[in-house]
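Fold and contact review
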Amino acid sequence: MIIVATAVGVGFSTQRNSVEAGREAARAAMLQVAMARPDFVFVFATVGHEQQALLRSVREVTGGAPLSGCSGEGVITWGMVDESNFTVAVMAIKSDEMRFGNVSVNGDGRSARQVGRALAEETYRVLAPDSFACFVFADGLAFDFEPLLRAFEGGLPKDQRLPVFGGLSADNWISRKTYQYHNDEASSGTVSCVILSGTAQVAWGVNHGCTPVGTKRIITRCKGNVIYEIDGIPALEAIREYVEGDLNHHWNKLSLNLCLGFRLPQHLQTGYNEYVIRYMMAKDDRAGSVTIQSDVENGTELWITRRDKELMHEGLKSTTERITGQMGGRPPKFVLQFECVGRGRVLFREQEKLELLTQLQTRLGTALPWIGFYSYGEIAPISGCNYLHNFSAVVVSVY
Amino acid sequence: MTKDGSSKDDRWSELVHEKETLAQQVKRLIRAEGLLYNYQEKLDDQLREYQDLYDLSKKILGTNQLQTILEHAVEYATARLQYERAVFFTRCELSGNFVACALEGFYNEAERAEVRSTVIAHDAPLLACFIQEGERLLQDKDLLVCQEGACSDLLKSYRSVLHFEEFLLYALGPPSAPLALLIVGNSQADPSFYRAVSAAPDSLIGLGNFVSLISSHVENTILQVEVERIRQLEMLAERKYRDIFENSVDGIFRRTPQGRYLDANPGLARMLGYDSPEALLGEVYRVADLYVRPSRHDELVEQIERQGFVSAFDAELYRKDKSVIWVSISARAARDEKGNISFYEGVIEDISERKRAEEALRRSEQRYRQLTETLEQRVGETVEELREKDRMLILQSRLALMGELLNNVAHQWRQPLNMLALLVQEVPVIFRRGSCDEAYIDGTTRKEMDIIDYMSRTIDDFRHFFTPDTIKTTFNVLENIQHTLSLLEGMLKACHIEIVVKGDVGAEVCGYPNQFSQVMINLLNNARDAFERREIDARRIEIGLERSAGNVVIRVADNAGGIPEAIVDKIFQPYFTTKGPEQGTGIGLFMSKTIIEKHMQGVLEVRNRKGGAEFIITL
């Protein structure tokens, strides 16, 4: 009789010495399950670290196992959330029921769609008939991700389209440079991707917990992912009414207090929400425009929305219910969580955040191998369609 | 129209207004919510900081190892306060220099080694910054800031040494004499992922709290380390003391003010004749009982109470066998925190041998003193005898001189007496002749009275000569010599001695004129005796006066053959004479020298010249 098993260990470090931090987190991950050499490694870290040195030390400890991941605004493990500038989490996986194929594509000045297609081409090489999930970690500052995602999906054979999960890499509100990890390389302007194949399955849930304030607004002028006018007035002017203080100072944080909601088609609302939320990642004072992470068209309806803590609690509860429902009583082998930066320390107090995480985690199991990061955008399918989300929590259970 | 009379337009306007109002309220609420989250994040940061500070406090309270505390501190400064680097320097007790003890954030080995080996000298100008106006932050005497655009050249000079581009430097302990230095900062200015160095009060709150927490711990621990070092020294001293205590020949003790020994060393037990310190402590209930004279014990206690100590306090103590020893006690009062005397402690030295030696010396000194006193008495008596003899000599001298002078009086009177006799014998003859008239009587009487007056003056002169001088007076030397010669006139004529006096007629000296005359008489009589003894034919005495170098020099030279060289040094000794017992007493020249040299502070010398002797008086 062949025993099919998956061993997963997670370690983290808050050391500031990047080399030591990488070693410590990787060793902790491997020691947790007495693993000699993992098959695959997920790494999420914050940008205070010297990224290349960090990866090198992780690779040194993990014996050069394939590695994917990215920089986040913070990292998440079981019972631990750390949004400091110096933190790293490592998940080491050894499995004889799963295979991991990882690829990376550099933007190289190409359009988002071109990058998406290039990613599809690369990914195709590692796709297998039993591939069951795709994890993508893309530069949150370099790409208009929605078109990239569409091009990626479109580039894959229709019968091999996979649920895509992941997040856009972050840089702790500096908005200067994020990193994507692929084996030995910590690069910017790239997309890192992992294909999971084998007999395991994924269950997931996604929820944002935002609610509209006010009435419907109409985009009256836009181009791609840049909105110039709302209801005939400059978009920035329409937004300014809701924002306290100088918009030039910490725009990325000020704009968190309100976000733009776009009504989903009826068939996509199932198990999700009426609206998909977009974060205004940039603004242009001269043009009076704001930039979001998906393309829109003139005449698109939008709603100014705000984050609601109660809805978030409820959303996480329904997420876990959905996941446990999908798993049918089987336990997760490991869990990945992609959480919006807007749901971290800028919204929740430390204790609240930890309680929320604990509730989420304990609903799915006990001492689960759990890893995640705070992202500039979350990726998860809703109603069978891969989607980019903002202000959301994406929880993916591999079981 | 509606039921209440208002038109649909009015109602619409109300609803629009209401909607607008609600929209504004929502916007305000969202703005407020944004602010709330903002404040909440700051509050959370502060709470986390306090929590971290609390955790740090627990860590450092859990150890008394300075190194561990410093390592926790630099770790906190980097991991929690988010500075890139931190380094702690502590002061070396021996040199006073500051050495790096704990570092964090130096991940380049070369940089780490360089900072680790950095020494900030005790007299480095950097340290002076803490007490110099303008260098430190105005409100923080213990903080220096080095950041771009706000940093002195002195502080900048430490950038490359310590590998900081911007830093804050805290002095722990008194700014004028810090115990430790904490430096936090960054290797790059305007860091993205580290806390920027800033002197703004808001930025310094966290660091200030941190420093406040650790400063007392670090200072206390440094002091504890120092106390421990001192304690070790004390233990060493205690061991040495115990070694001395056990092995000292002298007695060492502690006793209560009431007089009970608390502790005694073997030396004291031996000294007092006990087998062991325990035996001494067990058998001596009152220290005062050991004192031969209990009053000495009371004095000792009184001195200690009054001045806190006694030093070299001598006393006699009974030994166990009741024999007595002399001891020297040095002791002090040990007081408790309230100033009350806890006990006396001190050292007892057995000085019996010394006392015996002192007694022997004392007796020897007494004998010496008695001998000295006897000797002094005898010397006094002898001196008195000599004085008596001198007086007798002087008397003899004067009597001899008087005899000489009486001869001279006899010589002086012989002729007037003859004259007087002739005049008296002539009276009957004249009367018989009948020539005795009144004129004759008057003339004869006048002649006789003149003779009698002359004789009377002669007597007065001699009597005046024998009147002792009591007061020094200035007198003319020549006049004095001439007067003296007049006293000797008869003798000189009788002996056919020619006197020649020459020289300075105005020479005067201060002294005793009669005693000077006595000297001159002695010299002239000696010359006469020499003339007589040697039967010299042409007898001549020359008396010369001259003034030389402020002195008056009188030379008395004769031609009587001089003084034999063999005795020339002895002629001024008392009782030395060449004249034989019937003629000389041997005191004339002795007295002359005494008068000239002792009474008149002059010099009397003699030498032989041109067939005679020459006496030289220098006054």
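Residues numbered from 1 in each chain as written. Chains lettered and ligands numbered in written order. Predicted model: local features only at pLDDT ≥ 70, side-chain atom pairs only at ≥ 80, totals over all residues. Heavy atoms only, no water.

The next point concerns the domain arrangement of chain A. All names here are of chain A. Taken domain by domain, chain A holds domain 1 (6–207 + 312–398) and domain 2 (210–306). The C-alpha centroid of domain 2 is placed 27 Å from the C-alpha centroid of domain 1. Facing 24 residues of domain 1, the contacting portion of domain 2 comprises 21 residues. Summed over both sides, the interface of domain 1 with domain 2 buries roughly 2000 Å², with 56% coming from carbon and sulfur. It is Trp 173, Asn 390 and Phe 391 that lose the most area in domain 1 upon contact with domain 2, and together they represent 31% of the buried surface on that side. Put simply, domain 1 and domain 2 have two salt bridges between them. The partner of Arg 113 in a salt bridge is Asp 295, with the nearest N and O atoms 3.4 Å apart. Taken together, the connections running from domain 1 to domain 2 amount to eight residue pairs in polar contact (both at pLDDT 80 or more). Per-element tally for the side of domain 1 that touches domain 2: the top contributor is strand E26 (residues 385–389), with four residues. By residue class, the composition of the side of domain 1 that touches domain 2 is twelve nonpolar, nine polar and three charged. (Domains from an automatic or database assignment. Contact = heavy atoms within 4.5 Å. Buried area = accessible area lost by both parts, 1.4 Å probe. Salt bridge = Lys/Arg side-chain N within 4 Å of Asp/Glu carboxyl O. Polar contact = N/O pair within 3.5 Å; in protein donor to acceptor, adjacent residues only side chain to side chain. Helix = DSSP H or I, 4+ residues; strand = E, 2+ residues; numbered from the N terminus. Nonpolar A, V, L, I, M, F, W, Y, C, P; charged D, E, K, R; others polar.)

Moving on: the pairing of strand E14 (residues 508–511) of chain B. Residues and elements named next belong to chain B. With burial as the criterion, only one face of E14 is covered, namely that bearing Val 509 and Gly 511; the residues Glu 508 and Cys 510 on the opposite face remain uncovered. Pairing of strand E12 (residues 473–476) with E14 involves four bridges; the strand directions are antiparallel. The residue bridging Asn 476 from the neighbouring strand is Glu 508, located in E14. (Buried < 20%, exposed > 50% of the residue type's maximum accessible area, 1.4 Å probe, protein only. Pairing = 2+ DSSP bridges.)

Attention now goes to a nonpolar patch on the surface. A grouping of Met 392, Leu 395, Leu 399, Met 402 and Leu 406 of chain B is seen on the molecular surface, where their side chains present a nonpolar patch of about 450 Å² in accessible area. Looking at where Leu 399 of chain B falls in the secondary structure, it is placed in helix H10 (residues 352–433). (Patch = residues over 30% accessible without salt bridge, like charges linked within 9 Å, V, L, I, M, F, W, Y side chains within 5 Å. Areas by Shrake-Rupley, 256 points an atom, 1.4 Å probe, with all protein chains shown as cover.)

For Trp 173 of chain A, which is not glycine, the phi torsion reads 70 degrees and is therefore positive. Relative to the helices and strands, Trp 173 of chain A resides in the loop between strand E9 (164–169) and strand E10 (180–182). Not every positive phi belongs to a glycine, and Gln 601 of chain B is a case in point at roughly 50 degrees. Residue placement: Gln 601 of chain B occurs in the loop between helix H15 (588–599) and strand E17 (603–609).

With that settled, consider the sheet that holds strand E15 (residues 539–548) of chain B. All names here are of chain B. If you trace the five strands from one edge of the open sheet to the other, you get E13-E15-E16-E18-E17, paired in mixed fashion. Among the strands making up the open sheet, the edge pair consists of strand E13 (497–503) and E17. Between one strand axis and the next, the sheet turns through 15 degrees on average, direction left out of account. Here strand E16 (residues 551–558) runs beside strand E18 (residues 612–618); their pairing, made up of five bridges, is antiparallel. Note on E18: the bridge partner recorded for Arg 555 is Ile 616. Against the sheet, helix H14 (residues 513–534) engages E13, E15, E16 and E18, with an angle of about 145 degrees to E15. (Axes fitted to C-alpha atoms, helices over the stretch in contact; angles between N-to-C directions.)

Turning our attention to the domain arrangement of chain B. Looking at the assigned domains, one finds that chain B contains domain 1 (63–228), domain 2 (248–350) and domain 3 (469–618). Spacing between the C-alpha centres of domain 1 of chain B and domain 3 of chain B amounts to 108 Å.

Next up on the list: the environment of Arg 332 of chain B. All names here are of chain B. Its location among the elements puts Arg 332 in strand E10 (residues 324–335). Note: C-alpha distance between Arg 332 and Asp 321 (eleven residues apart in sequence) is 28 Å. Non-local contacts of Arg 332, meaning those with residues more than four positions away in its chain, are made with Ile 304, Gly 308, Phe 309, Phe 343, Tyr 344 and Glu 345. A distance of 2.7 Å separates the side chain of Arg 332 from the side chain of Glu 345, its partner in a polar contact.

Now for the packing of helix H3 (residues 112–126) of chain A against helix H4 (residues 145–155) of chain A. All names here are of chain A. Across the interface, H3 lies against H4 with an axial gap of 7 Å and an inter-helix angle of 35 degrees. Regarding H3 and H4, the two cross each other, and that crossing is right-handed. When H3 is examined against H4, the residues Ala 112, Arg 113, Val 115, Gly 116, Arg 117, Leu 119, Ala 120 and Thr 123 are found in contact with a partner set consisting of Pro 147, Leu 148, Ala 151, Phe 152 and Gly 155. Here the contact of H3 with H4 is composed, by residue class, of eight nonpolar, three polar and two charged. (Left-handed = near helix turned anticlockwise from the far one by under 90°.)

Take the interface of chain A and chain B next. Listed per partner, the contact involves 28 residues of chain A and 25 residues of chain B. Together chain A and chain B conceal approximately 2600 Å² of surface at their shared face, both sides included; 48% is due to carbon and sulfur atoms. Looking only at chain A, the three residues that lose the most surface to chain B are Arg 16, Arg 345 and Arg 349 of chain A, adding up to 27% of its buried area. Counting every contact that joins chain A to chain B gives six salt bridges. With a shortest N-O distance of 3.6 Å, Arg 349 of chain A and Asp 44 of chain B are connected by a salt bridge.

Right, let's talk about the environment of Phe 88 of chain B for a bit. Tracing the sequence through the fold places Phe 88 of chain B in strand E1 (residues 85–91). C-alpha of Phe 88 of chain B to C-alpha of Pro 191 of chain B: the two residues are 103 residues apart in sequence and 22 Å apart in space.

We now examine the packing of aromatic side chains. Note on aromatic pairs: each is described by the distance of the centres and the angle between the planes. The tally for this structure, following the rule as stated, stands at 25 aromatic pairs over all chains. Ring geometry for Phe 44 of chain A versus Phe 137 of chain A: centroids 5.3 Å apart, planes at 75 degrees, classification edge-to-face. Residue Phe 44 of chain A is located in strand E2 (residues 40–45), and its partner Phe 137 of chain A is located in strand E8 (residues 131–139); the two are separated by 93 residues in the primary sequence. For the pair shown, Phe 44 of chain A and Phe 137 of chain A are each scored as buried. Seen from the ring of Tyr 387 of chain A, Arg 150 of chain A lies directly overhead, with NZ or CZ sitting 5.4 Å from the centre. Cation over ring: Lys 355 of chain B sits above Trp 326 of chain B, and NZ or CZ is 4.2 Å from the ring centre. (Phe/Tyr/Trp six-rings, centres within 6.5 Å; stacked < 30°, edge-to-face > 60°. Lys NZ or Arg CZ within 6 Å of the ring centre and 35° of its normal.)

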